[in-house]
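Descriptive structure summary
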Amino acid sequence: MPSVYIKTYGCQMNERDSEAVAAQLVAKGYTLASSEAVADVVLLNTCSVRDAAEQKAIGKMQNLAAEIRRNRPEVVLGFMGCMAQSRGQQLIDQLPDVDLVIGTQKFHRTADYLDDIFAGTRTKVVDVDEEQGSEAAIREHILNGNTAGKSVTAFVSIMQGCNQYCTFCIVPYTRGEERSRAIPDIVAECRELVGRGVKEITLLGQIVTSFGKRDIPVKDGRSGFVQLLEAVHEIDGLERIRFTSPHPKGYGDDLVEAYARLPKLVESAHIPVQSGSDRLLKAMHRGYTRERYLGIIEKLRRVNPGMGITTDIIVGFPGETEMDFEETLSLAREVEFDNAYIFKYSPRRDTPAADLPGQLPQEVKEERNARLLELVNEIGAHHYEKYVGRQTQILVEGPSKRNSIRMMGRTRSNKIVVFDGSERHRGQLMDVKISRAGSFTLYGDPAIINLE
Ligand code: 5AD
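Residues numbered from 1 in each chain as written. Predicted model: local features only at pLDDT ≥ 70, side-chain atom pairs only at ≥ 80, totals over all residues. Heavy atoms only, no water.

**A short note on the overall build of the protein chain**
Short version of the rule: Helical segments are the DSSP runs of H or I of at least four residues, strand segments are the runs of E of at least two, and each set is numbered from the N terminus. Radius of gyration here uses only the C-alpha atoms, and the compact-globule reference equals 2.2 Å multiplied by the residue count raised to the power 0.38. Throughout, exposure labels follow a simple rule: accessible area from a 1.4 Å probe, protein chains only, divided by the maximum for the residue type, with under 20% read as buried, over 50% as exposed, and the rest as partly exposed. Every residue pair with non-hydrogen atoms within 4.5 Å of one another is taken to be in contact.
Broken down by element type, the protein chain carries 13 helices and 19 strands. For a compact globule of 452 residues, the expected C-alpha radius of gyration is about 22 Å, and the protein chain comes in at 22 Å, within 12% of that figure. For the protein chain, the spread of C-alpha atoms along the principal axes amounts to about 60 × 60 × 45 Å. Of all 452 residues assigned to the protein chain, the portion counted as buried reaches 55%. Of the contacts formed within the protein chain by residues at least 6 apart in sequence, a portion of 72% connects residues at least 24 apart.

**Looking at the pairing of strand β13 (residues 308-315)**
Note the cut-off: Pairing between two strands is assigned when DSSP locates at least 2 bridges connecting them. By convention, a crossover is right-handed whenever its connection, traced from the first strand over the helix to the second and viewed with the strands pointing away, goes clockwise.
For β13, the tally of buried residues reaches eight of eight residues, placing the bulk of the element in the interior. Neither face of β13 is left uncovered, since the one carrying G308, T310, D312 and I314 and the one carrying I309, T311, I313 and V315 both have all their residues buried. Direction of pairing for strand β12 (residues 268-270) relative to β13: parallel, over a ladder of three bridges. Note that in β13 the partner of S268 across the bridge is G308. With helix α12 (residues 322-335) bridging β13 and its parallel neighbour strand β14 (residues 339-344), the resulting β-α-β unit is right-handed.

**Topic: the site of the ligand**
The condition is simple: Proximity is defined per residue: any heavy atom of the residue falling within 4 Å of a molecule or strand makes that residue near it. Whenever a nitrogen or oxygen atom comes within 3.5 Å of another N or O atom, the pair is scored as a polar contact, on the condition that within protein one atom can donate a hydrogen and the other can accept it, and that pairs from neighbouring residues in sequence are kept only if both atoms are in side chains. Each residue is assigned to one of three groups, with Ala, Val, Leu, Ile, Met, Phe, Trp, Tyr, Cys and Pro labelled nonpolar, Asp, Glu, Lys and Arg labelled charged, and all others, Gly among them, labelled polar.
Around the ligand lies a shell formed by V49, R50, F168, Q274, D312, I314, F343, K344, Y345, S346 and R348. In this structure, Q274 approaches the ligand through a side-chain N or O atom, which is 2.7 Å from an oxygen atom. Measuring from a nitrogen atom of the ligand, one finds a backbone N or O atom of S346 at 2.8 Å. Residue classes in the shell around the ligand are distributed as five nonpolar, two polar and four charged.

**Regarding the side chain of R368**
Note that R368 resides in helix α13 (residues 362-385). Excluding its chain neighbours within four sequence positions, the residues that come into contact with R368 are V315, E320, T321, E322, F325 and L360.

**Considerations on the pattern of salt bridges**
Counted only if it meets this: The rule for a salt bridge is simple: a side-chain nitrogen of Lys or Arg has to be within 4 Å of a carboxyl oxygen of Asp or Glu.
Applying the stated criterion across every chain, the model contains 38 salt bridges. Taking the shortest distance from any N to any O, the salt bridge between R16 and E189 comes out at 3.7 Å. Remark: E189 occurs in helix α7 (residues 183-195) and R16 occurs in helix α1 (residues 12-27); sequence separation between them is 173 residues. Taking the relative accessible area as the measure of exposure, E189 reaches 1% and is therefore buried. Its salt-bridge partner being R181, residue E189 comes within 2.8 Å of it at the nearest N-O pair. Salt bridges here are not isolated pairs; linked through shared partners, they connect R16, E19, R139, R181, D185, E189 and E192.

Shape descriptors only; they carry no functional weight alone.
Below, the structure written as structure tokens:
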């Protein structure tokens, strides 16, 4: 059977989709190649959120065509995911070496399409149609990833699509309308993962807080999403629950209160704010004000002062004035984010903001990016420093990515801790004493590790 190599660009949802495609192909007898150089099939799972991400994947495909196709003409090359969805046939017109273009609702058809290509019944396949029920097709897992050991953490896709239509964002066009899976189906998948040794589950979707909005009635004041958290929380052997990405409008009292009520729901939240200026929040169609956002953070910290809070921020949105940007700086100072991912505004085709007046020059975006980054790093360092000398619980995930003779785990607040451990610690919840803080990394003192 052929071997396949999947390279993933973009977010955790894309990582998860790639894993599900890999699992699907392995089930059909494919092997996973260790690199593109030796693979019979190379698939690029793409991101469209910014132009740079698209250009990277296109450049990579040109490179594969020139380097790999030339020596091994039988190699199959394909695009999947968000850019495949939004560009479709265009990609083959532009890059004739591409054999396969699979949209975001067709991941589960990958094996069939490869079969067709290998059997010679089709030479090119483009499928970017919508498919009812496709949100439930991202289900299979490969739990040993690229490392030798077993996975301690897993991602579970709970919904697809987004109806928010933020004016800067391409996601509603690449991922489609919001569609949620059924709670029992998600719980069964989580239960199976826990049975295979998983201790921590991250529930994934483009806007997870809108989970079940259309089909699950609010019960005792609890949204469909909170009902899902409760159901997953029941699973014996599961230690931790996370989710990403939520929308601030989803932080009703039911969700805030869930942090107090559900001990497995860890004190960590990635809540994209995008801007600190009410004028821009409105132009972005975000659906909240600065004050409302600050109110949510305050409520969460009241429930748990140790809540780790991260965010996404866009700089250089059309019409952003120096004053708007300063409001973003002051919001970052006020919230004291543990970390923030900063994005320079990138006009996306067919989105309203791309046609707004006041598009800003690259230099302004760069300059604001640098100023905000400096502030975010300074505040982040302060948060990490606070851990030094303290004892904290980590879940050990495996070898450290940067230094594989060390092990790494994560605090409940989602901070990476590197320590001198061994394979036998994998999957354990343990207390470490933090001896040092580096750049967005903590170091645990191996002498004071207490096994639970
Ligand atoms: N330009 C820059 N950043 C963007 N994001 C989404 N669309 C754009 C865009 N057009 C950012 C947002 C989002 C994150 C995943 O990507 O901050 O939260």
